[in-house]
Amino acid sequence: GTNTTSIASNKYFEHAQSAEITRVVIPFGVTSIGTQAFRGCSNIESIVIPSSVTEIKALAFFDCKKLSDVYYGGSQSSWNSISISTMSNGNSCLTDATLHTNS
């Protein structure tokens, strides 16, 4: 298949909203998690984000109420350098979750 470097919109993960998916693994090579990518995926409890990600756009994790653990493939300082949109507090579920880094 083609190499996906961005997760464009929540159309990509519509099945995650209806299904009982509790864990999401974003493949290495993805650099951008797009606007509203996981919006309303209220069953997700944990997500694996690779070190290739450099930006997380507006409302990407809006209303992900159960998200409690984020497993990041890089260091804490790499995580701190990711551009995470704070528009409308739309990624607070992500930033309030427990972050596990490789350092």
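So, here is what we can say about the structure in this document. Position numbers for residues start from 1 in each chain and track the written sequence from start to end. Thresholds applied to this predicted model are a pLDDT of at least 70 for local features of residues and 80 or more for the giving and counting of side-chain atom pairs; totals over whole chains, interfaces and linings are not thresholded and use all residues. Only hydrogens and water are set aside; all other atoms, that is, all heavy atoms of the structure, feed into the side-chain values.

Thoughts on the pairing of strand β6 (residues 69–72)
The condition that has to hold: Note on pairing: two strands pair once DSSP finds at least 2 bridges between them. Runs of E in the DSSP output that reach at least two residues are strands. Runs of H or I that reach at least four are helices, and both are numbered from the N terminus.
The pairing of strand β4 (residues 46–49) with β6 spans four bridges and is classified as parallel. Within β6, the position partnered with I49 by the bridge is Y72. Direction of pairing for β6 relative to strand β8 (residues 98–100): parallel, over a ladder of three bridges. Along β8, the bridge assignment pairs D69 with T98.

Examining the sheet that holds β6
Backbone-to-backbone hydrogen bonds join strands into a sheet, with any given pair of strands oriented parallel or antiparallel. Cut-off, in case you're wondering: Axis definition: a line fitted to C-alpha atoms, limited for helices to the stretch in contact. Angles are taken between N-to-C directions and run from 0 to 180 degrees.
Strand order in the open sheet formed by four strands is β2-β4-β6-β8, with parallel pairing between adjacent strands. This sheet does not close on itself; its edge strands, each paired only once, are β2 (23–25) and β8. Ignoring strand direction, the axes of neighbouring strands in this sheet form an average angle of 15°.

Details of the packing of aromatic side chains
Heads up, the condition is: Here the aromatic set is Phe, Tyr and Trp, taking the six-membered ring for Trp, and pairing holds for ring centres within 6.5 Å; pairs whose planes are under 30 degrees apart are stacked, those over 60 apart are edge-to-face, and all others are tilted. For each residue, the accessible area found with a 1.4 Å probe, counting protein chains only, is set against the maximum for its type, and the residue is called buried under 20%, exposed over 50%, and partly exposed in between.
Scanning the model with the defined rule gives two aromatic pairs in all. Aromatic pair Y72 and W79: ring centres 5.2 Å apart, planes at 65°, arrangement edge-to-face. The same class applies to Y72 and to W79, which are both buried.

Points about the side chain of S52
Spelled out, the test is: Whenever a nitrogen or oxygen atom comes within 3.5 Å of another N or O atom, the pair is scored as a polar contact, on the condition that within protein one atom can donate a hydrogen and the other can accept it, and that pairs from neighbouring residues in sequence are kept only if both atoms are in side chains. The contact criterion used throughout is that any non-hydrogen atoms of two residues lie within 4.5 Å.
When you line up the elements, S52 lands in the loop between β4 and β5 (55–56). At 2.9 Å, the side chain of S52 and the backbone nitrogen of G29 are in polar contact. Not counting chain neighbours up to four residues away, the residues in contact with S52 comprise F28, G29, V30 and T31.

A look at the side chain of S32
Topologically, S32 is positioned in strand β3 (residues 32–33). For S32, a relative accessible area of 6% puts it in the buried group. Engagement of the side chain of S32 in a polar contact is seen with the side chain of E55, the distance being 3.1 Å.

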